[in-house]
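Here is how the chains run, residue by residue.
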Amino acid sequence: MAATRACGAAANTSENIMSLKKALSVASPLTLRIVAECPVTKARACDLILPHSAVSTPVFMPVGTQGTLKGITVDQLDALGCQICLGNTYHLGMRPGPDLIEKANGLHGFMNWKRNLLTDSGGFQMVSLVELSEITEEGVKFKSPYDGKEILLTPEKSISIQNSLGSDIMMQLDDVVSSTVTGPRVEEAMHRSIRWLDRCISANKNPEKQNLFAIIQGGLNTELRKACLDEMTQRDVPGFAIGGLSGGEEKDDFWRMVTLSTDHLPREKPRYLMGVGYAVDLVVCVALGCDMFDCVYPTRTARFGSALVPWGSLQIKNKQYAKDFEPIDPDCQCPTCKRHSRAYLHALFKSDSAAMHHVTIHNIAYQLNLMRSVRQSIVEGCFPEFIRTFMKRMFPSRDQYPGWAVDALASVNITLE
Amino acid sequence: MADGETWQINTSRKRVRKSVDRSLAHLDECLLVHQKSQELEGVEVFGVVEGGDILEERVRSAKETAKRPVSGFCLDGLQTGSMAQALRTQLISAVTKELPEDKPRLLQGVGRPDEVLASVEAGVDLFEGFFPFQVTERGCALIFNFNISSNPELAELEPGEDQETAGDSQHNGDLNPDDQAQMTSFEINLKDKRYQGDLRPLVEGCGCYCCRNHQRAYLHHLLVTNELLAGVLLMIHNTAHYHAFFGALRDALAEDTLDLLKRRVLGQTERKD
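Residues numbered from 1 in each chain as written. Chains lettered and ligands numbered in written order. Predicted model: local features only at pLDDT ≥ 70, side-chain atom pairs only at ≥ 80, totals over all residues. Heavy atoms only, no water.

Under the annotation held in an unreviewed UniProt entry, chain B carries the name tRNA-guanine(15) transglycosylase-like domain-containing protein and is attributed to Champsocephalus esox.

Naming follows an unreviewed UniProt entry, where chain A appears as Queuine tRNA-ribosyltransferase catalytic subunit 1 of Champsocephalus esox. For chain A, the Cofactor (unreviewed entry) comment in UniProt is given as "Zn(2+)". Quoted verbatim from the Subunit (unreviewed entry) field of the UniProt record, the comment on chain A reads "Heterodimer of a catalytic subunit QTRT1 and an accessory subunit QTRT2." (UniProt positions renumbered as here; feature names shortened; annotations may be inferred.)

Structure, rendered in structure tokens:
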């Protein structure tokens, strides 16, 4: 009798553990399903299930810093197939501030975006606004460029703002150093980022609805990166970002840090490479094992009249397009290319800001389309061919292929003839 | 459309007379070319009525232009800011008296709702202008009420909070005819701090994209942060609102309720002193 009861009790306990585990995993606001893996490179195609919708990876995330994507309505963004875009904690924290946004039903409610949002922590502003900031163990002290007021952005404050924003993915506050900085500051920043990660994890009020990603630092130093990877991967976070790159460093160093990072990041969690958006960089870094990317480049360059195409870019404001009645890209299906010619856009740039919007829409379409094609080729098992075709289209001749890209691809078994 | 010439207030009678004569001469030349041209077959020609602010010249221009085989008339030199509304109305009425009933009259450069109402009463059919665009450019949204389909008793109720605050720093009318960039009492300035936390749409019940999807607080944020989307959304709303006003105007004319509409629209500009 006692034996049966003991067995029964043991069975109950393991059942309880199983159902508890199940309950926890259902409660997790992020699930990554690996749909296909490239047998040649380190590339993967995944379904990233987030609270607002599924996201197909590899994915490019457009940047809507202040809760808006530079003149594009949320309907237009949705129609382009965008499943996730970015907002910025520093900017939105200043204007209009977390309290109002919370009142408006979070950033989703405030900008009326029904799909996913990722918020950056404000860390990057430490580099971009370095004249106005002071970094201590406590946090980053900023002097507001708008009213001169001083604000202290701590890990806790950053997460608190992001909790109010209600983004699906939140980034930890990291101690960011420019990739061109060397010396002990890099090591200090790496260790501090780990300590700040722990503080961010503790401060997260909504772990069942919002995913907190860690950001690997360590500059361009192999040992420091490795140390950071070892430490951070011990934390139970739903995803990892590779940070501190894409800031003007040599591309030869850049790709080596990317591939080192993906080598040491868990397979079953998404890898987000921050600040990367040039087409070549995207394709190469997918091959190196990255799943998610963001960059202001496509939307910013659009406002200067630069339209992205598979063979580079068109400077629409140039005289040569004044009488060119082709669309930006005859193969592109975006609303701009379906309706307007280069000549029209060329003329429009002289008089109306609508020109910028048309090119912005095209550039976002270009980026999303590129990633869609990348993903499709991974799923179909022909990613290596895709890369070769892509490079041939982008560069007039083999000797114009960027050296770093050739090396990086070679490191994952892709030879470009 | 034939080409006319526009003149300043207080232009001498001699110069105004010349402009009327010149415009008629232009028109006759245009009509000749139009007759002979195969490409222009099917394209209509409008005559342009000039005359500055001189009643006799206006009447003369109207009479003479009406003798020509044009399909419609453009009333030129009467745009917002060129003269006081009362004078404009007087001139338009005098002109339209001389024009055939069955040909359209187009007025250029007039856009404010009160001016539109007065001009319609004086006989204008078509309006060309950019009032909604100007409103958008100054970061404002049209909110004036033109709804008279509800209970007429309710229509007499106190105006809503917005109507009291709308352009309350402004006085409409003829005080600053040249100051076209000034906000009117038909709009609200979304840059104003009071809209920072206002989670209502620009106009309750408006079916435009902006009002269906966004709130005043968001528009305020976009304007304060100099974001491009502000202009996009405001232009959508202002255009929709303005078009809906014209729809209400046509209905009111058809149902003979223009007085009611005037009271509804203009009642918002009266100071309740």
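From this point on, the discussion continues.
(A) View of the interface of chain B and chain A. Listed per partner, the contact involves 18 residues of chain B and 22 residues of chain A. Summed over both sides, the interface between chain B and chain A buries roughly 1,700 Å², with carbon and sulfur atoms accounting for 60% of that surface. Per-residue buried area on chain B facing chain A is highest for H221, E227 and L228 of chain B; these three make up 32% of the total on that side. The interface formed by chain B and chain A holds 1 salt bridge in total. Across the salt bridge formed by K70 of chain A and E227 of chain B, the nearest N and O atoms sit 2.8 Å from each other. Where the side of chain B that touches chain A is concerned, the elements lending two or more residues are α7 (209-213), α8 (216-224) and α9 (229-254) of chain B. Considering every element that reaches the side of chain B that touches chain A, the biggest residue donor is α8 of chain B, with 5 residues. (Contact = heavy atoms within 4.5 Å. Buried area = accessible area lost by both parts, 1.4 Å probe. Salt bridge = Lys/Arg side-chain N within 4 Å of Asp/Glu carboxyl O. Helix = DSSP H or I, 4+ residues; strand = E, 2+ residues; numbered from the N terminus.)

(B) Representation of the domain arrangement of chain B in the model. Residue and element names in this part refer to chain B. Parsing chain B into structural domains produces domain 1 (13-128) and domain 2 (132-270). In this assembly, 14 residues from domain 1 lie in contact with 19 residues from domain 2. Overall, the association of domain 1 and domain 2 removes approximately 1,300 Å² of surface from exposure, summing both partners, and the carbon and sulfur fraction of that is 71%. Considering only the surface of domain 1 that becomes buried against domain 2, R112, P113 and L117 emerge as the three largest contributors, covering 40% of it. At the surface where domain 1 touches domain 2, the tally comes to 1 salt bridge. (Domains from an automatic or database assignment.)

(C) Layout of the UniProt feature "binding site: Zn(2+)" (unreviewed entry) in chain A. All names here are of chain A. Under the UniProt annotation, the feature "binding site: Zn(2+)" (unreviewed entry) is placed at C332, C334, C337 and H362. These annotated residues cover 31 residues of sequence, and their C-alpha atoms all fall within 8.3 Å of one another, placing them together at a single site. Tracing the chain through its elements places C332 in the loop between β16 (312-315) and α13 (335-339). Excluding residues that lie within four positions of it along the chain, C332 makes contacts with C337 and H362. Note that C337 resides in helix α13. For C337, the contacting residues outside a window of four places in its chain are P327, I328, D329, C332 and H362.

(D) Representation of the nonpolar core. Of all hydrophobic cores here, the largest spans 70 residues; its most connected members are L107, F110, W113 and I328 of chain A together with L190 and L233 of chain B. Apart from the residues lying within four places of it in its own chain, the contact partners of L190 of chain B are G139, A141, Y195, L202, R216, L219, H220, L223 and L234 of chain B. Counting residues in each nonpolar core, the second largest holds 61 residues, with A45, F60, I216 and W404 of chain A among its members. (Core = buried A, V, L, I, M, F, W, Y, C linked by side-chain atoms within 4.5 Å. Buried < 20%, exposed > 50% of the residue type's maximum accessible area, 1.4 Å probe, protein only.)

(E) Summary view of unusual backbone geometry. Residue and element names in this part refer to chain A. For the bond running from T57 to P58, omega is 5°, close enough to zero to count as cis. In this structure, P58 sits in the loop between β3 (54-57) and β4 (59-61). The linkage connecting R95 with the following residue, P96, adopts the cis geometry, with an omega of 5°. Relative to the helices and strands, P96 is located in the loop between α3 (89-94) and α4 (98-103). A positive phi angle is found at S246, which is not glycine, with a value near 60°. Its relative accessible area of 35% is what places S246 among the partly exposed residues.

(F) Quick peek at α8 of chain B. Residue and element names in this part refer to chain B. Counting buried positions along α8 yields 8 of 9 residues, so the element is predominantly enclosed. All of the buried residues in α8 are R216, A217, Y218, L219, H220, H221, L222 and L223. Following α8 by one or two positions, N226 has its phi on the positive side, about 60°.

(G) Structural detail: the layout of surface pockets. Taken as a whole, the largest pocket spans an internal volume of roughly 1,100 Å³. Taken together, 42 residues make up the lining of the largest pocket; nearest its centre are F124, S246, G275, D294 and V296 of chain A. Each residue belonging to the lining of the largest pocket can be placed in one class, and the counts come to 16 nonpolar, 17 polar and 9 charged. Of the volumes computed, that of the second largest pocket is approximately 790 Å³. For the second largest pocket, the lining is made up of 29 residues, of which S353 and H357 of chain A together with L228, G231 and V232 of chain B are closest to its centre. At the level of elements, α2 (74-79), α13 and α15 (354-379) of chain A together with α5 (131-137), α8 and α9 of chain B are the ones that each hand at least two residues to the lining of the second largest pocket. Among the elements that line the lining of the second largest pocket, the one with the most residues is α9 of chain B, at 5 residues. For the lining of the second largest pocket, a count of residues per class yields 13 nonpolar, 10 polar and 6 charged. (1 Å grid on protein atoms, 1.4 Å probe; cavity = no way out; pocket = protein on both sides within 12 Å on 5 of 7 lines; lining within 4 Å. Points joined across faces, edges and corners; volume = space filled by probe spheres on them. Nonpolar A, V, L, I, M, F, W, Y, C, P; charged D, E, K, R; others polar.)

(H) Spotlight on the UniProt feature "binding site: substrate" (unreviewed entry) in chain A. Residue and element names in this part refer to chain A. UniProt marks D120, S121, G122, G123, F124, D174, Q217 and G244 with the feature "binding site: substrate" (unreviewed entry), using the numbering shown here. Residues from the annotated list that form part of the lining of the largest pocket: D120, F124, D174, Q217 and G244. Along the chain, S121 falls in the loop between β6 (116-120) and α6 (124-128). Leave out the neighbours within four places in its chain, and S121 touches T89, L153, S158, Q162, M171, Q172, L173 and D174. For G244, a relative accessible area of 16% translates into the label buried.

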